[in-house]
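Structural features, examined
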Amino acid sequence: MPDANRSTAASAAVEDRQLYLDGVTVSFDGFKALNDLSLVVAKGELRSIIGPNGAGKTTLMDVVTGKTRPDSGRAFFAGDVDLTRLDEAAIATLGIGRKFQKPTVFENLSVFENLELALSGPRGAWATLFAQLAPPEAERIDAMLERIGLEDRRAVPAGALSHGQKQWLEIGMLLMQEPQLLLLDEPVAGMTDRETEETAKLVLSLAGQHTVVVVEHDMEFVRALGARVTVLHEGRVLAEGSIDHVQNDPRVVEVYLGR
Amino acid sequence: MTPLTFRLARLLDARGWAAFAAIAVAAAMVVPLLNTALPAGHPLRLPDYMVPLLGKYVCYAILALALDLCWGYAGILSLGHGAFFALGGYCMGMYLMRQIGTRGVYGHPVLPDFMVFLNWKELPAYWYGFDMFWYALLMVVLVPGALAFVFGFLAFRSRVTGVYLSIITQALTFAMMLGFFRNNFGFGGNNGLTDFKELLGFDVQARSTRIGLYVASVLALALAFLACRFVVTSKLGRVMLALRDAESRVRFLGYSVTSAKLFAFTLSAMLAGVAGALYVPQVGIINPSEFSPANSIEVAIWVAVGGRGTLVGAVLGAFLVNFAKTWLTGAAPEVWLFFLGALFIGVTLFLPRGLAGLAGQWRAGLGAAFRRRPGAVEARDA
Ligand SMILES: Nc1ncnc2c1ncn2[C@@H]1O[C@H](COP(=O)(O)OP(=O)(O)O)[C@@H](O)[C@H]1O
Ligand SMILES: [Mg+2]
């Protein structure tokens with residue numbers, strides 16, 4: 001069992017690395033959204049990534065999930081699987097789940113059906129044409145509905161959920177796939193304080209079973225997670241360490257408060 | 001019950017099955033009875049010309065159903081479905097041409113008249129086999145299916161969506177039209193294929209044959225409807241709906257968006273081919289104008305009017321718009337296109353979910369009104 005609180009993740013042996021970005025650069029029309037970025041996340045670790053708007057946090061997730069190909073550099077998963085050579089579906093099948101910044105659930109399907117589609121199982125066109133929901137699968141969905149607090153909304157179209165509920169549903173969909181690595185892009189954006197608290201509990205309950213990378217603006221939330229923090233700025237890692245450590249780093253203070 | 005029969009039984013709910021059976025049986029029985037059992041001159045007697053006309057509408061309904069599967073569910077607005085319909089029609093037309101035999105104007109035992117006229121000496125290889133009905137039937141689904149598969153594979157793999165996809169499907173049907181207009185293409189040029197004599201040995205002009213074709217079309221529509229229900233009630237159907245909402249989420253869940261779309265598009269093209277094959281012997285001709293881009297746009301209007309993503313709406317829309325077209329092109333031909341345009345704009349603006357959506361709203365409204373009446377709730381609970 002890897003130690004979630006390992007202080008120097010960067011020194012992790014190759015086989016303990018869940019995610020390893022090596023000198024990744026992504027440029028859009030000459031503008032470098034990621035600039036020679038390197039980052040290591042250990043297996044089972046919970047990691048927060050913070051940074052001002054435009055720092056490249058979402059772009060980082062795009063690279064890991066195959067949405068964006070880097071101009072240079074590599075991204076390795078679980079030791080030595082090169083993610084930059086795979087497409088989104090293949091990466092998802094490897095065990096990487098991603099929550100988008102804007103909640104993306106299937107608005108016209110019911111909450112239950114949203115989770116059903118996320119359920120692990122054959123994905124081909126024929127297989128899904130003849131697929132039947134087995135009782136144990138239905139039970140897994142019910143258990144997940146309970147875990148994300150949506151058991152009484154199972155038959156409601158996902159489009160009718162509140163913003164916070166959509167975020168939870170999306171996290172629930174990711175968990176149905178039992179991913180090794182979970183990427184959460186601003187999971188509490190637009191949530192009420194109470195919802196934020198609930199979400200922190202949910203995310204903390206995931207740590208250990210999954211490797212979780214959380215991108216967030218909300219400092220209260222990041223503090224509540226109590227995880228190792230990476231500060232991104234202009235496509236590079238500016239600082240890394242505990243929340244108190246990075247908040248006292250003068251460069252971080254300048255980026256957040258200065259100008 | 002095996003899982004599959006269970007799924008089949010649940011394609012519709014009890015009321016749905018009852019309505020389906022009643023409409024299918026009525027459609028298949030009433031028209032032939034009104035046409036044959038009533039004496040000539042009886043006010044309810046259906047004139048002979050009405051049978052193939054209704055049969056034609058049924059074929060259009062199958063085409064609309066096909067488009068609804070790919071547009072209403074998978075979100076692919078194909079404006080080229082007329083091409084698949086026409087290809088199915090040409091395959092059937094080729095069979096019917098080969099059945100003419102020596103009865104053509106030139107009396108050539110193998111070559112259709114237009115080939116003799118062009119001084120061709122032998123049958124092109126792609127006409128081989130079409131003298132056999134089973135082979136022609138196979139081609140009716142395989143040719144449109146293969147074209148849709150290849151075209152769809154290229155388009156969906158490159159992630160061509162939305163308006164761009166609609167435009168290239170228009171280009172596809174337009175290009176096919178230009179090709180089929182050419183005499184050296186070997187499909188009769190701008191005259192197309194016509195002067196059919198027999199289908200499976202039955203005289204295509206005979207009243208009994210026309211009734212047979214009409215009933216076959218109704219059966220095909222019923223089966224196509226159930227097949228589409230099977231797809232849209234499956235998990236694959238939910239994947240299709242899902243990718244309309246959030247394509248990238250579907251991808252990140254590990255589904256191949258390309259194969260889900262390809263399935264919908266190809267199956268849809270095959271259904272369109274069947275519709276075209278049933279259409280041709282009933283109207284007696286197939287020519288390149290069937291490929292005209294405007295035809296494909298009309299199909300989209302039928303579906304929009306009926307209400308997309310409901311299947312039933314597509315069928316309804318095809319019937320209503322075509323009844324209106326037959327009536328208007330007779331009564332005031334110059335207004336038809338304006339009417340069609342106004343209809344499309346009106347539906348888009350005021351009835352985004354079409355007539356089927358209106359029916360749903362009306363039912364919901366009625367339900368709400370019923371519930372508002374004092375005592376109604378108690379009565380329901382009791
Ligand atoms: N597809 C794109 N095209 C052009 N510029 C982009 C694109 N995606 C992101 N960017 C730019 O890259 C920078 C980093 O964006 P992003 O990763 O979304 O930042 P963050 O999520 O940290 O707010 C921003 O300046 C943004 O404008
Ligand atoms: Mg972002």
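Keep in mind that what you see is a predicted model, and the values were worked out from it rather than measured.

Attention shifts here to the packing of aromatic side chains. For the structure on display, the rule yields 30 aromatic pairs over all chains. Summarising the aromatic geometry, the rings of Phe 84 of chain B and Phe 265 of chain B are spaced 5.7 Å apart at their centres and angled 85° between planes, so their arrangement reads as edge-to-face. Here the residue Phe 84 of chain B occupies a position in helix H4 (residues 81–100), and Phe 265 of chain B occupies one in helix H11 (residues 257–283), the gap between them amounting to 181 residues. Side by side, Phe 84 of chain B and Phe 265 of chain B carry an identical accessibility label, which is buried. A network of ring pairs unites the aromatic residues Tyr 90, Phe 114, Tyr 126, Trp 127, Phe 180, Phe 185, Phe 187 and Phe 291 of chain B as a single cluster. Here the basic side chain of Arg 123 of chain A rests over the ring of Tyr 255 of chain B, its NZ or CZ set 4.2 Å away from the ring centre. Across from the ring centre of Phe 230 of chain B, 4.1 Å away, lies the NZ or CZ of Arg 7 of chain B, which sits over that ring.

Residues and elements named next belong to chain A. Where helix H6 (residues 163–176) meets helix H7 (residues 193–206), the axes come as close as 11 Å, and the angle between the chain directions of the two elements is 10°. The angle between H6 and H7 places the two elements in the roughly parallel class. For the pair formed by H6 and H7, the contact residues are Gly 164, Gln 165, Trp 168, Ile 171 and Leu 175 on the first element and Glu 195, Glu 198, Thr 199, Leu 202 and Leu 206 on the second. Of the residues contributing to the contact of H6 with H7, the split by class is five nonpolar, three polar and two charged.

Looking now at the site of ligand 1. All names here are of chain A. For ligand 1, the full set of nearby residues is Phe 28, Phe 31, Ala 33, Pro 52, Asn 53, Gly 54, Ala 55, Gly 56, Lys 57, Thr 58 and Thr 59. Contacts to ligand 1 include Asn 53, whose side-chain N or O atom sits 3.5 Å from an oxygen atom. A distance of 2.7 Å is found between an oxygen atom of ligand 1 and a side-chain nitrogen or oxygen belonging to Thr 58. Relative to its unbound accessible area of 560 Å², ligand 1 is 61% covered by the protein chains. Element by element, the count of residues in the shell around ligand 1 is highest for helix H1 (residues 57–64), at three residues. For the shell around ligand 1, the per-class residue count stands at five nonpolar, five polar and one charged.

Per the domain assignment, the segments of chain A are domain 1 (4–102 + 180–257) and domain 2 (106–160). Look at where the C-alpha atoms of domain 1 of chain A and domain 2 of chain A centre, and you get two points 28 Å apart.

Here the focus is empty space enclosed by the protein. To find the voids left in a structure, one rolls a probe of water-molecule size over its atoms. Tallying each qualifying case throughout the model produces one cavity of 30 Å³ or more. A volume near 50 Å³ is recorded for the largest cavity. Looking at the largest cavity, the residues that line it are Arg 123, Gly 124, Ala 125 and Thr 128 of chain A together with Leu 236, Val 239, Tyr 255, Ser 256, Ser 259 and Ala 260 of chain B. For the lining of the largest cavity, the secondary-structure elements that each account for two or more residues are helix H4 (125–129) of chain A together with helix H9 (235–245) and H11 of chain B. The residue inventory of the lining of the largest cavity, partitioned by class, reads five nonpolar, four polar and one charged.

So, on to the packing of helix H3 (residues 111–118) of chain A against H6 of chain A. Residue and element names in this part refer to chain A. Their axes nearest at 7 Å, the elements H3 and H6 cross at an angle of 30°. With respect to their mutual orientation, H3 and H6 come out roughly parallel. Here H3 and H6 pass one another in a crossing that is right-handed. In this structure, H3 contributes Val 111, Asn 114, Leu 115 and Ala 118 to the contact, and H6 contributes Leu 169, Gly 172, Met 173 and Met 176.

Attention now moves to the interface of chain A and chain B. For interface size, the figure often reported is the accessible area lost on association. If you look at the interface, chain A gives 31 residues, while chain B gives 26 residues. Here chain A and chain B share an interface that buries about 2,700 Å² over both sides, 64% of which is from carbon and sulfur atoms. Counting the surface chain A buries against chain B, the share from its top three residues, Phe 106, Leu 117 and Leu 129 of chain A, is 22%. Run the count over chain A and chain B and you get three salt bridges. For Glu 116 of chain A, the salt bridge is made with Arg 238 of chain B, and the minimal N-O distance between the two is 2.7 Å.

Calculation notes
- Residues numbered from 1 in each chain as written.
- Chains lettered and ligands numbered in written order.
- Predicted model: local features only at pLDDT ≥ 70, side-chain atom pairs only at ≥ 80, totals over all residues.
- Heavy atoms only, no water.
- Phe/Tyr/Trp six-rings, centres within 6.5 Å; stacked < 30°, edge-to-face > 60°.
- Helix = DSSP H or I, 4+ residues; strand = E, 2+ residues; numbered from the N terminus.
- Buried < 20%, exposed > 50% of the residue type's maximum accessible area, 1.4 Å probe, protein only.
- Lys NZ or Arg CZ within 6 Å of the ring centre and 35° of its normal.
- Axes fitted to C-alpha atoms, helices over the stretch in contact; angles between N-to-C directions.
- Parallel < 35°, antiparallel > 145°, perpendicular 65-115°, else oblique.
- Contact = heavy atoms within 4.5 Å.
- Nonpolar A, V, L, I, M, F, W, Y, C, P; charged D, E, K, R; others polar.
- Near = heavy atom within 4 Å.
- Polar contact = N/O pair within 3.5 Å; in protein donor to acceptor, adjacent residues only side chain to side chain.
- Areas by Shrake-Rupley, 256 points an atom, 1.4 Å probe, with all protein chains shown as cover.
- Domains from an automatic or database assignment.
- 1 Å grid on protein atoms, 1.4 Å probe; cavity = no way out; pocket = protein on both sides within 12 Å on 5 of 7 lines; lining within 4 Å.
- Points joined across faces, edges and corners; volume = space filled by probe spheres on them.
- Left-handed = near helix turned anticlockwise from the far one by under 90°.
- Buried area = accessible area lost by both parts, 1.4 Å probe.
- Salt bridge = Lys/Arg side-chain N within 4 Å of Asp/Glu carboxyl O.

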